[in-house]
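Each chain, written out:
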Amino acid sequence: MRTRNLTLAVSGLLVAALTAGCGGALPSSSNGQADATYAQIAKLPKDQQRAKAKELAKQEGNILSLYTSMTADIATPIANAFEKATGIHVSVFRGNSETVLQRTMQEEGAKRPGADAVETNFLEMTALSDNGFLVDYNGSALDKVEPTGKFAHWTASRLNIFQPAWNTSLIKPGMEPTSWEDLALPKYKGKITLEVSDSDWFENVTKYWLSHGKTQAQVDALWKAIVANSKVAKGHTTMMQFLTAGQTPMEAMNYTYITDRAAEKGAPVAHLPANKKSTVPAFGRPNGVGMIKGAQHPAAAWLFYDWLLTDGQKVLVDQGLTPSTKVPGDKSLDGITLVPFDVKGLSEKNGNWDKKYDELLRGVATVGK
């Protein structure tokens, strides 16, 4: 996930908003009707909030505008399930996380919000929160979310799990990596693919090593050896296509749900060894949901937020994703040991890790070239 481009995009959009605003203040998209709707729901006892939101959503026309970075094959079932559960028609704008942020920021700056709710990566959700574009949700669904999944003005809805992945026809049982350090082994020379924008993975592995006793010199040596074993590619879905086709033997990291979905379709790929228990520490990066300030359909936004953290969690599981709450039948974390993901560090020092990762990959050949 590229964070430097996000920093530049947000900075540019804020400058534009400030220039257009009066007295140098950042324009607000808040409107009285949206504020009143959110407040009317929030002040009710929690067991009455959903019924009131349904009543108000009907008055709004039972319409929801959702901006999301979910891939289309996931966003469509989510939208359909929500519509079936609530009767609310969902209009989906889908793009990568940076595009979702840029469009939302531009519309908020112009006081013409197009989204009612947003579901995307943690860094973009943090940017929207920090700039005052999200509204607090206080429904009972929050009780189901672990404290690590609760953030200022947004909540984790799912996790993307970082793990190595390999082609089982090319990496035989017993040859798969058993630690992040293994990626530096000489036996993997020329076999590994790195994603060019995975600076958040790079940051988390680096900090994990340092916090577990390695010196900076040892960490630097490991990364140098890993890069020497690797080529690069852009995009996790593209990487999986290469892996599935046998064009590459191993990915240093991909999201486990992408690997699992490919395997379910018959691809010879895996992120767990033959015994189905990984010893590679797994990082769970949160993706979250938020309600937009000044939304045209605030009650529908509230209902989507509430649904995604309750009944929608089962739908996420059905799509092979890792929910942010405990869901019966969820097996996405079987055989995996999660370690903390550094949301705070990446949010506060946005861009530094991009630069370091770019420098690390400088001159590395691209897959297929």
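Small disclaimer: the values here were computed from a predicted structure and weren't measured.

Criteria and thresholds
- Residues numbered from 1 in each chain as written.
- Predicted model: local features only at pLDDT ≥ 70, side-chain atom pairs only at ≥ 80, totals over all residues.
- Heavy atoms only, no water.
- Salt bridge = Lys/Arg side-chain N within 4 Å of Asp/Glu carboxyl O.
- Helix = DSSP H or I, 4+ residues; strand = E, 2+ residues; numbered from the N terminus.
- Buried < 20%, exposed > 50% of the residue type's maximum accessible area, 1.4 Å probe, protein only.
- Pairing = 2+ DSSP bridges.
- Right-handed = clockwise from strand over helix to strand, strands pointing away.
- Axes fitted to C-alpha atoms, helices over the stretch in contact; angles between N-to-C directions.
- Parallel < 35°, antiparallel > 145°, perpendicular 65-115°, else oblique.
- Left-handed = near helix turned anticlockwise from the far one by under 90°.
- Contact = heavy atoms within 4.5 Å.
- Nonpolar A, V, L, I, M, F, W, Y, C, P; charged D, E, K, R; others polar.

Student: Can you tell me about the pattern of salt bridges, naming the residues and giving the values?
Tutor: This structure, assessed with the given rule, holds 10 salt bridges. A salt bridge links Glu119 to Arg158, with the nearest nitrogen and oxygen atoms 2.8 Å apart. In this pair, Glu119 sits in strand S3 (residues 117-121) while Arg158 sits in strand S6 (residues 154-167), placing the two residues 39 residues apart along the sequence. In this structure, Glu119 and Arg158 share a single accessibility class: buried. Arg285 serves as the salt-bridge partner of Asp200, at 2.9 Å between the closest nitrogen and oxygen. Here the residue Asp200 occupies a position in helix H7 (residues 199-211), and Arg285 occupies one in strand S11 (residues 282-292), the gap between them amounting to 85 residues. Assigned by exposure class, Asp200 and Arg285 land together as buried.

Student: I'd like a description of the pairing of strand S1 (residues 63-68), backed by residues and values.
Tutor: With 5 of its 6 residues buried, S1 lies for the most part within the structure. For S1 and strand S2 (residues 89-94), the ladder comprises 6 bridges, and the chain directions are parallel. Counted as the bridge partner of Leu64 is Val90 from S2. Once the chain exits S1 it traverses helix H4 (residues 72-86) before rejoining the sheet at S2, and the crossover so formed is right-handed. Here 3 bridges tie S1 to S3, and the two strands are oriented parallel to one another. Each residue of the ladder has a partner; that of Leu66, found in S3, is Ala117.

Student: Kindly report on the pairing of strand S9 (residues 250-255), identifying the contributing residues and their values.
Tutor: Of all 6 residues in S9, 6 are buried, a share of seventy percent or more. Taken together, the 4 bridges between S6 and S9 define a ladder with antiparallel strand orientation. Directly across from Trp166, in S9, lies its bridge partner Met250. Where strand S7 (residues 192-195) meets S9, 2 bridges bridge the pair, whose relative direction is parallel. Across the sheet, residue Ile192 finds its bridge partner in S9, namely Met250.

Student: Explain the packing of helix H9 (residues 236-245) against helix H10 (residues 256-264) to me, and be specific about the residues and the numbers.
Tutor: Packing of H9 against H10 brings their axes to within 10 Å, and their N-to-C directions diverge by 40 degrees. One finds that H9 runs oblique with respect to H10. The handedness of the crossing between H9 and H10 is right-handed. Residues His236, Thr237, Met240 and Thr244 of H9 lie in contact with H10, whose contacting residues are Ile258, Thr259 and Ala262. Its residues assigned to classes, the contact of H9 with H10 comprises 3 nonpolar, 4 polar and no charged.

Student: Could you give an account of the environment of Met175, with specific residues and numbers?
Tutor: Position of Met175 relative to the elements: it lies in the loop between S6 and S7. In this structure, the C-alpha to C-alpha distance between Met175 and Thr237, residues 62 residues apart in sequence, is 24 Å. Residues within four places of Met175 in sequence aside, it is in contact with Lys187 and Tyr188.

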